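Each chain is listed here by its residues.
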Amino acid sequence: MRLTEFHERVTLRFGAAYGASVLADHVLNGFDGRTAAQAIEDGMEPRDVWWALCSDFDVPREQW
């Protein structure tokens with residue numbers, strides 16, 4: 001997954017304002033205390049970060 005697709009999915013799922021908050025404020029399970037924004041910045045794969053967000057926020061599996 002490209003970074004642009006990651007951001008598109010976040011915006012579609014959470015909205016622009018709330019999505020930005022989720023990326024900056026929500027600490028992901030299994031990412032050593034990182035937020036999604038920190039994980040991306042640290043070079044984690046956007047796909048893996050997206051899947052973690054989906055898991056943490058109970059996104060239906062077909063939208064992963």
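Residues numbered from 1 in each chain as written. Predicted model: local features only at pLDDT ≥ 70, side-chain atom pairs only at ≥ 80, totals over all residues. Heavy atoms only, no water.

The name recorded for the chain in an unreviewed UniProt entry is Signal transduction histidine kinase, from Mycobacterium talmoniae.

Chemist: Provide a residue-level description of the packing of aromatic side chains, including the pertinent values.
Modeler: Overall, the coordinates contain 2 aromatic pairs when judged by the stated rule. Taking the centre distance of 6.0 Å and the plane angle of 65 degrees together, the rings of phenylalanine 14 and tyrosine 18 count as edge-to-face. The class of phenylalanine 14 is buried, set by a relative accessible area of 13%. On the basis of relative accessible area, tyrosine 18 is assigned to the partly exposed category, the value being 46%. (Phe/Tyr/Trp six-rings, centres within 6.5 Å; stacked < 30°, edge-to-face > 60°. Buried < 20%, exposed > 50% of the residue type's maximum accessible area, 1.4 Å probe, protein only.)

Chemist: Which residues make up the side chain of threonine 35, and what values go with them?
Modeler: If you trace the backbone, threonine 35 turns up in the loop between helix 2 (16–25) and helix 3 (36–41). Accessibility expressed as a relative area gives 8% for threonine 35, which makes it buried. Ignoring anything within four residues of it in the chain, the contact list for threonine 35 reads Leu23, Ala24, Asp25, His26, Val27 and Leu28. (Helix = DSSP H or I, 4+ residues; strand = E, 2+ residues; numbered from the N terminus. Contact = heavy atoms within 4.5 Å.)

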